[in-house]
Amino acid sequence: MIARVIVDVPSRQTDRPFDYEVPEELAGWVEPGSRVGVPFGGRVVQGFVIATAEQADVDRSKLKPIAELLDHMPPLSPDLIELGQWISEKYCCPMTVALQAMLPSALKGKAESYVAIAPDKAEAALFEADWMNYIRQQGGETKLASLQAKFPDAAREVKAAIAEGRLTERAAIRDRLSVRKVLTVFPPADREEAELALTAIPARAAKQREVLRYMIGQEDPIPLQALIETLSTTSSTVRALADKGLLVMQEVEQNRDPYAGRSFRRTEPLTLMEGQQKVYDQIADALDVAEPRVFLLHGVTGSGKTEVYLQAIEHCLDLGKQAIVLVPEISLTPQMVERFKGRFGHEVAVLHSRLSGGERYDEWRKIREKRARVAVGARSAIFAPFERLGLIIIDEEHESSYKQEESPKYHARDVAVRRAKQHGAAVVLGSATPSLESYTAAALTNASSDGRGAALLPMPERVGGKPMPPVTIVDMREELRGGNRAMFSRPLYEGLKLRLERGEQSVLLLNRRGYSTFVMCRACGYTAQCPHCDIALTYHQKSRVLRCHYCGHAEGSPTACPSCESEHIRFFGTGTQRVEEELSKLFPGIRVIRMDVDTTTEKGSHEKWLTMFGERKADVLLGTQMVAKGLDFPYVTLVGAIAADTSLHLPDFRAAEKTFQLLTQVAGRAGRHRLPGEVIIQTYNPEHYAITTAQHHDYDAFVKEELSHRRQMAYPPYCRLILITLSHEQLPQVINAGDKLAGLLRQSAEEAGAGGGGFNSRFIEVLGPVASSIPRIKDRYRFQCMVKYRGNVDAVGIVRVAVAAVARPQDKASVQISVDVDPQVIL
DNA sequence: CGAGCGTGTGAA
DNA sequence: TCACACGCTCGG
């Protein structure tokens, strides 16, 4: 038998299957999806079997055998292999990168070298070197790495021994992590016999007696460690009993359950409101017919989307299928997990980035081994290895965290639609502020109603008929004219004061971390820049350093201008740290929790701060966009956006969309319960449509305006985009490669017969090369080309060919090229 | 990507 | 004449 193997060497020229002989003894074990170790170019690497065959692609004598099989159960199923193929094509990445992205990183094995004493040379005891003795002690074989560590000076001798054949070398793939095993003690099988034996234990072995007596009274096996602790004894006592055959000790597989010891209160389905019921019925119908469908659930904040999700999942499980729920990383809080665990108990597997590698692996195995039927997780949970997928829910579908920034640069929404197609599953995209891509897909579908695309499910009312909180826009230019130069406008100041007096809570949003955004000399105009990136340094008050938010570079803050030596060097712009300081000045004794990347890097800290806030141990929750999402606290009655414009002027065609979404989301945090809420937005652009429409919670008005802008500028959803970024340490190299790439792209575009310009059904246009918006990051210059296209054009294919041609000299000095396919309209 | 090989260069 | 450095090719 032949196996087609994708080797784990992520490069353009090895991105194709290689054929291997399947050894006789593995014939029944190796199947598509198996993970194997194979000899490749003089070493052993990890690989994935993507197919098996009888006939090889190449001369059979060239074939090498598979060296080892790495798992009993193939980690990939055929549908995931197919999905990997699709990802690799669509997002322009090597197949192995796509496949690896679908698995927990624990399954990324590295080759390890072992050396053994050659069997026929075993009598060569003449070699009484201490390293040789060491190998013998280890049972005749040991890791080369540990030999190197213990006997650093023996390198020459060991090498010689291998060369002469006195030692044999073998390579094997070792996983980063394995199943955790715990030594566990089992109660005696025959209690009467054990009782009898108890009397036979000598009087001086009091501890042994105690242990045995305890174990006789025990129903379940308990971990050795726990036993030792409860009876304050030692392992030798227990071992002695085991040696006498009175107790059994065994390695037992242990799941690292991140939610162990936490009980979740079981919840029952709630009665749905009329609006919810209508939406639920449509999803349930789709589940019954088991055809691929996409729904866009447009529900305002607080409209009860989650309950609809839960009941849809329940229906899906009743049909004998499984479900995936994606939520943005940031809202994977215990509260969120609790809702799912509360309804579906231990059948829920939770996958997110704050889990340790081992925990993540164990949750994944729970799915693979069919012990879980619901997966709740961030982006990568879309790859949960279910066999009969019935339903995929993507909550807050507009969130940008569904797009992976590293290769493979996939968008979970697009992958979800593709997976649903494979399984005949339904996709439910939920949001209060749907992305324009999804919204137009739904609008087009409803117009044509041919069953393809996305069906729109509106839920315009809040549960309990709660009104949306009133939103006040404060024009900061007016404030300035009125003589207020502070960061808080008078209305926001008054609002905060009132909340403090009433003992209510406030949430403040500022999309800039650090203390100040830039440092400038008032005398000569010098600004502190990062020496490695073309970006201003941010001052951090606590550590008193200037830090680059792109590469992490840090330097001491200057007291005098490094350029003109003037002392008029000042900090400008406002970051979260500065707001915190200002709050303490204005309201002495105020309790502020600041949440940004600087305060939430520690594991569990995010959760800790939110719990504190929920227990009303703080008056104000101040943070970057992470405070905008999914929080639900009854005593929050004021929400303030300190500088709504921060995200409005970013060099991104989605800037207005992101601003609208952020403001709408954060506004939804206020007054969700008994106490009425209020929202204050400070801005220098009070008449901008992203802000005025957010003020009135008017999604439709925003979309109308934004779509007309997109149409004018020919941006998505009116076209598709591919952004190609080139980077290199040397500027001329980047410019050169950029020109060459753009030339090739234009040539292919022309050959594709779709000339630029206009809105004809087929077009492709190449823009650039131009310097990227941040022209240098980490000492690398950056240029970019953009490909805009519409209709039936294989733009990704054209890009792939052009990139391959430019990146040909594959030494490490060559220009790095990254291809970023913009999330596409679902159809 | 990385091992191995061929070519070329330099020092004895 | 040999040692090593560099770059290219190829891997099953």
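The rules behind these values
Once a new chain begins, its residue numbering starts again from 1 and follows that chain's sequence as written. Chains and ligands are labelled by the order in which they are written, letters from A for the one and numbers from 1 for the other. Per-residue local features of the predicted model are confined to residues with pLDDT of at least 70, and side-chain atom pairs are confined, for both listing and counting, to 80 or more; whole-chain, interface and lining totals are unaffected and use all residues. With hydrogens and water excluded, all non-hydrogen atoms of the structure serve as input to the side-chain values. UniProt positions are given in the numbering used here, feature names are shortened, and annotations may be inferred rather than shown by experiment. Each domain's extent is set by a domain assignment, obtained either automatically or from a database. Note on contacts: a residue pair qualifies if any of its non-hydrogen atoms lie within 4.5 Å across the two residues. By definition, the buried area sums, over both parts, the 1.4 Å-probe accessible area that each loses when the two are put together. Between Lys or Arg on one side and Asp or Glu on the other, a salt bridge is scored when a side-chain nitrogen of the former is within 4 Å of a carboxyl oxygen of the latter. Within 3.5 Å is the distance limit for a polar contact, defined as a pair of N or O atoms, with the added protein rule that one can donate a hydrogen and the other accept it, and that residues adjacent in sequence qualify only through two side-chain atoms. Numbering of helices and strands runs from the N terminus; a helix is a DSSP stretch of H or I covering at least four residues, while a strand is a stretch of E covering at least two. The pocket and cavity definitions rest on a 1 Å grid over protein atoms only: a 1.4 Å probe that fits but cannot leave marks a cavity, an open set with protein on both sides within 12 Å along at least five of seven lines marks a pocket, and residues lining either have an atom within 4 Å of a point. Grid points are joined across faces, edges and corners, and a volume is the space filled by probe spheres set on the points. Lys, Arg, Asp and Glu make up the charged group, whereas Ala, Val, Leu, Ile, Met, Phe, Trp, Tyr, Cys and Pro make up the nonpolar group; the residues left over, Gly among them, are polar. Two strands pair under a simple rule: DSSP has to find at least two bridges between them. Structural elements are reduced to axes, namely lines fitted to C-alpha atoms, with helices fitted over the stretch in contact, and the angle between N-to-C directions of any two is expressed from 0 to 180 degrees. Each residue gets one of three labels from its accessible area relative to the maximum for its type: buried under 20%, exposed over 50%, partly exposed in between, using a 1.4 Å probe on protein chains only. Taken from the helix axis, the directions to the C-beta atoms give the arc we talk about. Working definition: residue near molecule or strand if any one of its non-hydrogen atoms lies within 4 Å of it.

As recorded by an unreviewed UniProt entry, chain A carries the name Replication restart protein PriA and is attributed to Paenibacillus methanolicus. Its UniProt record, at the heading Sequence similarities (unreviewed entry), says of chain A: "Belongs to the helicase family. PriA subfamily." Turning to chain A, the UniProt annotation filed under Subunit (unreviewed entry) states: "Component of the replication restart primosome."

## A look at the domain arrangement of chain A
Assigned domains of chain A: these are domain 1 (2-109), domain 2 (116-168), domain 3 (181-253), domain 4 (274-465), domain 5 (471-513 + 575-711) and domain 6 (720-821). Here domain 4 and domain 5 have C-alpha centroids that lie 28 Å from each other. With 22 residues of domain 4 in contact, the opposing surface of domain 5 contributes 27 residues. Together, the buried faces of domain 4 and domain 5 total about 2,000 Å²; carbon and sulfur atoms form 57% of this surface. With a shortest N-O distance of 2.5 Å, R654 and E437 are connected by a salt bridge. At the boundary of domain 4 with domain 5, the tally comes to 6 residue pairs in polar contact (both at pLDDT 80 or more). Going through the elements one at a time, α12 (334-344) and α15 (436-448) are the ones with two or more residues in the side of domain 4 that touches domain 5. Tallying contributions element by element places α15 first for the side of domain 4 that touches domain 5, with 4 residues.

## Let's talk about the layout of surface pockets
In this approach the atoms are scanned with a rolling probe the size of a water molecule, which exposes any empty space left behind. Estimated volume of the second largest pocket: approximately 960 Å³. G302, T306, R339, D632 and R672 are, among the 33 residues lining the second largest pocket, the residues nearest its centre. If you list the elements that add at least two residues to the lining of the second largest pocket, you get α11 (305-318) and α12. In terms of residue class, the lining of the second largest pocket is built from 9 nonpolar, 13 polar and 11 charged. Three or more residues apiece are contributed to the lining of the second largest pocket by two domains, here domain 4 (274-465) and domain 5 (471-513 + 575-711).

## A short note on the sheet that holds strand β6 (residues 110-117)
Taken together, the 3 strands give an open sheet; going across it, the order is β7-β6-β8, and neighbouring strands pair in antiparallel fashion. The outermost strands of the open sheet, each flanked by one partner alone, are β7 (141-143) and β8 (167-174). Between one strand axis and the next, the sheet turns through 30° on average, direction left out of account. In this sheet, β8 lies alongside β6 in antiparallel orientation, the contact comprising 8 bridges. Following the sheet pairing, A111 is matched in β8 by I173. Packed on one face of the sheet, helix α3 (residues 130-137) meets β6, β7 and β8 and runs near 105° to β6.

## A word on helix α9 (residues 235-243)
Of the positions making up α9, those classed as buried are T237, V238 and L241. Buried residues in α9, looked at end-on, bunch into an arc of 95°, giving them a common side. After α9 finishes, the residue G245 shows a positive phi value of roughly 80°.

## Observations concerning the sheet that holds strand β23 (residues 545-547)
Note: strands within a sheet are paired through backbone hydrogen bonds, in either parallel or antiparallel orientation. Reading across from one edge, β22-β23-β24 is the order of the 3 strands in this open sheet, with antiparallel pairing throughout. The open sheet is flanked by β22 (538-540) and β24 (554-556), the only strands paired with a single partner. Mean inter-strand twist for the sheet, computed between neighbouring axes without regard to direction, equals 35°. With 3 bridges connecting them, β23 and β24 associate as antiparallel partners. Each residue of the ladder has a partner; that of R547, found in β24, is A554.

## Describing the protein's contact with DNA strand B
Near DNA strand B you find V9, S11, Q13, G41 and R43, and these make up its full shell. Sugar plus phosphate: this is where 53% of the atoms of DNA strand B within 4 Å of the protein reside. G41 is positioned with one of its backbone polar atoms (N or O) 3.4 Å from a sugar or linking oxygen of DNA strand B. At 3.3 Å from a base oxygen of DNA strand B is found a side-chain nitrogen or oxygen belonging to R43. Grouping the amino acids of the surface near DNA strand B by side-chain chemistry returns 1 nonpolar, 3 polar and 1 charged.

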